[in-house]
Amino acid sequence: LKGLYINDLLLPNFDYYISKIVKDEKLRKFLTPNVHGVIHGDLHCGNILVKDNRVYFVDPNGNLSMPIEYDYGKIIHSVHGGYGLIMNGNYKLTELSKSKFTFSVQVPKIYKTTFDKLSKIMPQDLFIRSLYAEAMHFATMLPHHASHEAETKALFIRGIMVFKELFDLLESN
């Protein structure tokens, strides 16, 4: 299939977006982080605790020297992509045909607020690279985290939707 109809929009599959990045040296350089440092490595909503107006990051994935966009992409994966919600079955997916779906995941208002604040306070280039990291988290986690077919389809579809948002943002800049 060249793409899927998701909520009545024809969206290309992952390979379309990845090939556009691979073929466009300027885009590839822009999306490739060039600064590395020690990061958490698994920064998602389940690893953030708040008590008495203090924030605690728990369960770090070791002393990883990686781009900050990896962690930003992980938290955006939670608050924007709804990864944890999908993994907990909190989504609606209807397969109308082999290539046509309706899909939604209802993220809590606090998640939407967090995503909106991140998109405004982060430098635009960092935000775009973090959105790319979110899309890649969806693409690369499919074989590792999906436990059944509907969940796999939901993760796949949400990843395609994130890539579409990323490319829409790239085109508007």
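Each remark here, short or long, concerns the structure printed above.
Model, not experiment: these values are computed from the prediction. (Residues numbered from 1 in each chain as written. Predicted model: local features only at pLDDT ≥ 70, side-chain atom pairs only at ≥ 80, totals over all residues. Heavy atoms only, no water.)

Regarding the pairing of strand β4 (residues 48–51)
The cut-off we apply is this: Only strands joined by at least two bridges in the DSSP assignment are considered to pair. The helix and strand labels rest on DSSP assignments: H or I over at least four residues marks a helix, E over at least two residues marks a strand, and numbering proceeds from the N terminus.
As paired strands, β4 and strand β5 (residues 54–57) are joined by four bridges and run antiparallel to one another. Bridge pairing in β5 links Val-50 to Val-55.

Comments concerning the packing of helix α3 (residues 68–79) against helix α5 (residues 109–121)
For clarity, the threshold we go by: Each axis is a line fitted through C-alpha atoms, and for a helix only the stretch in contact is used; angles between axes span 0 to 180 degrees, taken between their N-to-C directions. Crossings are classed by handedness, with left-handed meaning an anticlockwise turn of the near helix from the far one by less than a right angle and right-handed meaning a clockwise turn. Should any heavy atoms of two residues lie within 4.5 Å, those residues are considered in contact. Charged means Asp, Glu, Lys or Arg here, nonpolar means Ala, Val, Leu, Ile, Met, Phe, Trp, Tyr, Cys or Pro, and polar covers whatever is left, Gly included.
Interaxial distance between α3 and α5 falls to 9 Å at its minimum, and their mutual angle equals 145°. In the crossing of α3 with α5, the sense of the turn from one axis to the other is left-handed. Contacts from Ile-75, Ile-76, Ser-78 and Val-79 in α3 reach Tyr-111, Lys-112, Thr-114, Phe-115 and Leu-118 in α5. The residue makeup of the contact of α3 with α5, split by class, is six nonpolar, two polar and one charged.

Digging into the sheet that holds strand β8 (residues 100–105)
Spatial strand order, β2-β1-β8-β7: four strands in an open sheet with mixed pairing. Only two strands of the sheet have a single neighbouring strand rather than two, namely β2 (9–12) and β7 (91–97). The sheet shows a mean angle of 35° between the axes of neighbouring strands, taken without regard to direction. By the bridge criterion, six bridges tie β7 to β8 in an arrangement that is antiparallel. Across the sheet, the residue bridging to Ser-97 is Lys-100, located in β8.

Section: the pairing of β2
The sheet contact formed by strand β1 (residues 3–6) and β2 spans four bridges and is antiparallel. Bridge pairing in β2 links Leu-4 to Leu-11. The antiparallel pairing of β1 with β2 creates a hairpin that spans two residues between the two strands, and Asn-7 there sits at a positive phi of about 55°.

Structural notes on α3
The line we're drawing: Helices are assigned an expected span. That span is 1.5 Å times one less than the residue count. Burial classification: accessible surface area is computed with a 1.4 Å probe over protein chains only, and a residue below 20% of its type maximum counts as buried, one above 50% as exposed, and the rest as partly exposed.
Taking 1.5 Å per residue as the helical rise, α3 with its twelve residues ought to reach 16 Å, and the 17 Å between its terminal C-alpha atoms agrees with that figure. Among the twelve residues that make up α3, nine are buried, leaving the element largely enclosed by the rest of the structure.

A few points about the pattern of salt bridges
Let me state the cut-off plainly: Any carboxyl oxygen of Asp or Glu that lies within 4 Å of a side-chain nitrogen of Lys or Arg is treated as forming a salt bridge with it.
Tallied over the full model, the rule gives eight salt bridges. Between Lys-74 and Asp-42 there is a salt bridge, and its shortest N-O distance comes to 3.2 Å. With Lys-74 in helix α3 and Asp-42 in the loop between β3 (37–39) and β4, this pair connects stretches of sequence that are 32 residues apart. The closest approach of N and O atoms between Arg-158 and Glu-165, which form a salt bridge, is 3.4 Å. The exposure class assigned to Glu-165 is partly exposed, which follows from its relative accessible area of 31%. Sharing partners across several salt bridges, the network here consists of Glu-69, Asp-125 and Arg-129.

Re the nonpolar core
Let me state the cut-off plainly: Here, nonpolar core means buried Ala, Val, Leu, Ile, Met, Phe, Trp, Tyr and Cys residues that are tied together by side-chain atoms lying within 4.5 Å of each other.
Within the largest apolar cluster, 42 residues are counted, with the highest numbers of intra-cluster contacts made by Ile-6, Ile-86, Phe-103, Phe-163, Leu-166 and Phe-167. In terms of residue count, the dominant contributor to this core is helix α7 (residues 149–172) (ten residues). Residues in contact with Ile-86, not counting those within four places in the same chain, are Gly-81, Tyr-91, Phe-103, Val-105, Phe-138, Glu-151, Ala-154, Leu-155 and Arg-158.

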